[in-house]
Structure formats: structure tokens, C-alpha cells
Amino acid sequence: MNQQWLSVGKLVNTHGIRGEVKVISQTDFPEERFAPKSRLTLLNEENGQQVDVEVQSAREHKGMYYLKLKGYDNINDVEKYKGWSLKVSKEEMIELDEGEYYHHQIIGCAVVTDEGADLGVITEILVPGANDVWVVQPKKGKQVLIPVIDEVVLDVDVANKTVKVHLMEGLI
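All residue numbers refer to positions counted from 1 along the written sequence of the respective chain. For a predicted model such as this one, the threshold for reporting local features is a pLDDT of at least 70, and the threshold for listing and counting side-chain atom pairs is 80 or more; totals across whole chains, interfaces and linings nevertheless cover every residue. Only hydrogens and water are removed before side-chain values are computed, so all heavy atoms of the structure are retained for them.

Participant: So, the sheet that holds strand 5 (residues 64-69): which residues are in play, and what are the values?
Facilitator: Note on pairing: DSSP must find at least two bridges between two strands before they are called paired. Helix numbers and strand numbers start at the N terminus; a helix is a DSSP run of H or I with at least 4 residues, a strand a run of E with at least 2. The six strands lie next to each other as 1-2-5-4-3-6, forming a closed barrel whose pairing is antiparallel. Each adjacent strand pair in this sheet contributes to an overall mean axis angle of 50 degrees, direction not counted. Helix axes are fitted only over the stretch in contact, all axes being lines through C-alpha atoms; the angle between N-to-C directions runs from 0 to 180 degrees.

Set out below in C-alpha cells:
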């Protein structure tokens, strides 16, 4: 069965000798993903090897998370997982509030203006600060940057992979 995965973090190092691991968070929900009894899958991206783990405890320090995995009580038990990704299956996605979307739901959406013009397809999402910016690649020509603000993004239909936008003056 080909399971689809979402990244929630990357195991970058061990911490101390009692089996704690240092994780860079790649999730908007670290409090939930790294909570005690939370189940995660360690995945080696190079060879597809995977190991299911359970979080025993976690703490955040300077933007990093230190996890204690249940049953891994020694540095030697966790050393081999350095560089592995922490994943959850797509079925375990956290329900978002209305008007919020996961990046993987937005990338690949066709963008159409409220006047019916086809702008292209969203290829990436930039997170520069106050609001996200969607990078739209037209069939020909330069990329269009769409700020994700209420005045511009009118409708997002993830089921049909379409986004309707209003082009304000000076946007392109």
C-alpha cells in the first residue's frame, strides 16, 4: 500500500546519552505532533526504511524540539536515525479552520481571475512575513506572485484544484 506522508520534522542529532533526539520542526502544530503518546513514523528518505515510534516526552528550546521516544533509552538506540524524517500519514492531517489550507493542497491549483483569465498554476508558496505569497507559473512568460490576502484571493476550491483571484492594480 502506497501511503502518503506529511513531514512534521527532521531528526538532526542525538542529545545527551539517555536517548533524547534533537528535531527541527516542519509542522504548524508542534504542540500536537510532539505531544506525549503521539505516534510518528521515522523515515529514511534514501532507502525508504521506516520505524514507528511513540513520543514519551518533548520540550522546546531555542526553536528546536528535544524528543524522548518511548523504548529508546540510550544514545546508541537513536544514533542510527540521524538525518531521518519524522512523518505522519495524510490520514492524520489536522483539520484546519475554514479558509486555511495545507501547502500540498494549494500547490498545483489552477489560478483564474474574477474576469475569467487563466493565470497559470501555483508552483510554490513563499512565506516572507506578514502573508504568504503564491508563485504562479503561466504557460508562457514570467512567474506571477499572488499575495494571499482577502482582497486578492476570492475563492479556493481544493477539491477542484482551482483558485479565483482579483488582480488589484499594479499586481502584474
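Participant: Give a detailed account of the pattern of salt bridges, specifying residues and quantitative values.
Facilitator: For this document, the term salt bridge refers to a Lys or Arg side-chain nitrogen within 4 Å of an Asp or Glu carboxyl oxygen. Under the definition given, this model contains seven salt bridges. Put simply, glutamate 45 and lysine 87 hold a salt bridge, and the shortest N to O gap is 3.2 Å. Of this pair, glutamate 45 sits in the loop between strand 3 (39-43) and strand 4 (50-61) while lysine 87 is found in strand 6 (residues 85-89), placing the two residues 42 residues apart along the sequence. For every residue, the accessible area obtained with a 1.4 Å probe (protein chains only) is divided by the maximum for its type, and the residue is called buried under 20%, exposed over 50%, and partly exposed between those limits. On the basis of relative accessible area, lysine 87 is assigned to the buried category, the value being 9%. One connected set of salt bridges, linked through shared partners, spans Arg39, Glu54 and Lys70.

Participant: Describe the sheet that holds strand 11 (residues 153-157), and please don't skip the residues or the numbers.
Facilitator: Reading across from one edge, 10-9-8-7-12-11 is the order of the six strands in this open sheet, with mixed pairing throughout. Each of the sheet's edge strands pairs with one partner strand only, and the pair in question is strand 10 (144-147) and strand 11. Adjacent strand axes in the sheet meet at a mean angle of 35 degrees, parallel and antiparallel pairs treated alike. By the bridge criterion, four bridges tie strand 11 to strand 12 (residues 162-165) in an arrangement that is antiparallel. Residue aspartate 155 lies in a different strand from strand 12, and its bridge partner there is lysine 164.

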